[in-house]
Amino acid sequence: MNEGFETLAIHAGQEADPHTGAVVPPIYAVSTYKQDGVGGLRAGYEYSRSANPTRTALEECLAAVEGGARGLAFASGLAAEDTLLRTVCAPGDHVLIPDDAYGGTFRLFAKVLERWGVAYEPVSIGDVDAVRAAVRPETKVIWVETPTNPLLGIADIAGLASVAHDAGALLAVDNTFASPYLQQPIGLGADVVIHSTTKYVGGHSDVVGGALVAASAELGERLAYHQNAMGAVAGPFDAWLTLRGLKTLAVRMERHCDNAERVVELLTSHPKVTQVLYPGLPEHPGHEVAAKQMRRFGGMVSFRVAGGEQAAVEVCNQAKLFTLGESLGGVESLIEHPGRMTHASAAGSPLEVPADLVRLSVGIETADDLLADLSRALG
Ligand SMILES: Cc1ncc(COP(=O)(O)O)c(C=O)c1O
C-alpha cells in the first residue's frame, strides 16, 4: 500500500464492521469469547488480555502510521517501556539512555530496572561519536528520545541506528514528542518505536496509553508474547479513544507547529527570555538533523527566564490560557516548570533540568490569544 499518512490514520485496521457496517470500530467491552468447540476460536479471539478487536484496530493503525511490522497498545507509555525492556534485556545487560529524557523514563531505569540487574548510563545522544564511545559489549539497547523532554535536544536517528547495529544492539526511539506524523524512526533504521499515546496520538488529554511499534515481525512477536504474559494492555475504551484521536493527528500537528512557530517568534524577541529551545530555530545545535528527519519541528517549546527559578515559577503561575499542568500534546495549551513538576524525579541526577526552565505544550487555540496570554504572564 502506498497510501498517504492521513488515509492510513483514518482507515488502517478500521474496515467497516462486518456485522453492522459501522464505520468506526465498536468498543468491544468484553473479556471472553464464545468458542465453536474446544479450540474453535472465531477470528482468533479468546480472552481480551491476549487480544481485543478494538485494541487490534488501534494496534494495526499504529503499525501502519509508523511504517512498522507490528503495533501493540498498552495501559500507559511507561507500561510499554517496561514491557519492551523486560522483553529484550536480562540481568547483566546495559542500556544507554539520553542525558535529557522524560523523568519517568529515568526513574524506570534508576529505581526499578537497576534493581533487576539492568545497568544504564546517561549519554549525550545528540553526539553520535559520544554514543559510539559509550557502547559496551553488554549494551543491548540504545534508547533515544528526539526531540528530548524537556530540553528539545535532537538525536540523529539514522546515525545512531548504525552505531547500535554495529554493536549488535537495538535502537529504541521514543517518538512521543514528534508523533508519527512528523517523524517515522523505523524508516530511518530504528528497531522499535515507543509512544506515550497519552500525548499527541490521543491528542485530547482524555486518555492515558502507550504503544510499541516493532520494525520486524520477529521482534513484534516477542513483544506481543510479553504484552500478554505481563498484562499491561490498553482496555477497549482507552483503545477506542486513542484511535479516535489518531485519525486527526495530521491536521492537529500542522496547527500545533503553526502555533509553536508564532510562540517562538514572540519568545525570541522578549527581553525576559534568555534562551528559547526549539529545533526549528537555525541556531539550535540539532536544527540540521531535525530538518532532515522531521516533517516540521513540533508543538513543544521550552525557554529559560531571566531571574532564575522564582521568575520561571511566576510565569507558570501567571499564565491563564496556558493551563498549568503536566503532560503535553493535547489540543489545549499547557505550561509547566519541569524542575518542580515532570522532572522532579531527576533532581540530583545527571538528568536534572535547569531551574529557570519553562516548558510549553502549544495547543491549537487561536494563536493571537496564546501570544497575548504569554506576553501578560511574562510581564
Ligand atoms: C517522552 C515521554 N515518554 C514516555 C512518557 C510516559 O508515558 P505515560 O505517562 O503515558 O506513561 C512520557 C510522559 O510524559 C513522555 O513525555
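Remember, it's a predicted structure, so these values are computed and weren't measured experimentally. (Residues numbered from 1 in each chain as written. Predicted model: local features only at pLDDT ≥ 70, side-chain atom pairs only at ≥ 80, totals over all residues. Heavy atoms only, no water.)

A.B. asks: Please explain the pairing of strand E2 (residues 94-98) as it appears in this structure.
C.D. replies: Side chains on a regular strand alternate between the two faces of the sheet. Along E2, five of the five residues are buried, which leaves the element largely enclosed by surrounding structure. Residue alternation in E2 divides its side chains into two sets, His94, Leu96 and Pro98 and Val95 and Ile97, and both sets are buried. Looking at chain direction, E2 and strand E3 (residues 119-123) are connected through five bridges and run parallel. By the bridge assignment, leucine 96 is partnered in E3 with glutamate 121. As for the winding sense of the linkage, the β-α-β connection from E2 through helix H4 (residues 103-112) to E3 is right-handed. Strand direction decides the pairing type here: E2 and strand E4 (residues 139-145), joined by three bridges, are parallel. (Buried < 20%, exposed > 50% of the residue type's maximum accessible area, 1.4 Å probe, protein only. Helix = DSSP H or I, 4+ residues; strand = E, 2+ residues; numbered from the N terminus. Pairing = 2+ DSSP bridges. Right-handed = clockwise from strand over helix to strand, strands pointing away.)

A.B. asks: Help me out: how do you make sense of the packing of helix H2 (residues 53-66) against helix H9 (residues 236-247) in this one?
C.D. replies: Each packed pair of helices is defined by two parameters, the angle between the axes and the distance between the axes. Axis separation between H2 and H9 bottoms out at 8 Å; the angle between their running directions is 35 degrees. Where H2 crosses over H9, the handedness of that crossing is left-handed. For the pair H2 and H9, the contacting residues are Thr54, Arg55, Ala57, Leu58, Cys61, Leu62 and Val65 in the first and Pro236, Ala239, Trp240, Thr242, Leu243 and Leu246 in the second. Taken together, the residues of the contact of H2 with H9 break down into ten nonpolar, two polar and one charged. (Axes fitted to C-alpha atoms, helices over the stretch in contact; angles between N-to-C directions. Left-handed = near helix turned anticlockwise from the far one by under 90°. Contact = heavy atoms within 4.5 Å. Nonpolar A, V, L, I, M, F, W, Y, C, P; charged D, E, K, R; others polar.)

A.B. asks: Help me understand the pattern of salt bridges, please; the structure alone is not making it clear to me.
C.D. replies: When the charged atoms of two side chains lie near each other, side chains of opposite charge can form a pair. A full pass over the atoms with the stated rule returns 17 salt bridges. Salt-bridge contacts for aspartate 93 lead to lysine 140; the nearest nitrogen and oxygen are separated by 3.3 Å. In this pair, aspartate 93 is assigned in the loop between helix H3 (77-88) and E2 and lysine 140 in strand E4, connecting sequence segments 47 residues apart. Judged by relative accessible area, aspartate 93 falls into the buried class, the value being 10%. Given the relative accessible area of 33%, lysine 140 is considered partly exposed. Between glutamate 336 and arginine 359 there is a salt bridge, with its nearest N and O atoms 3.1 Å apart. (Salt bridge = Lys/Arg side-chain N within 4 Å of Asp/Glu carboxyl O.)

A.B. asks: Looking at this structure, I do not really get the site of the ligand. What am I missing?
C.D. replies: Taken together, 13 residues form the shell around the ligand, and within it Gly77, Asp174, Ser196, Thr198 and Lys199 come nearest. Asparagine 149 has a polar side-chain atom sitting 3.0 Å from an oxygen atom of the ligand. Within the side chain of serine 196, an N or O atom sits 2.8 Å from an oxygen atom of the ligand. Surface burial for the ligand is 90%, taken as the share of its 390 Å² of free accessible area covered by protein chains. (Near = heavy atom within 4 Å. Polar contact = N/O pair within 3.5 Å; in protein donor to acceptor, adjacent residues only side chain to side chain. Areas by Shrake-Rupley, 256 points an atom, 1.4 Å probe, with all protein chains shown as cover.)

Function-wise, these values are silent; they only describe arrangement.
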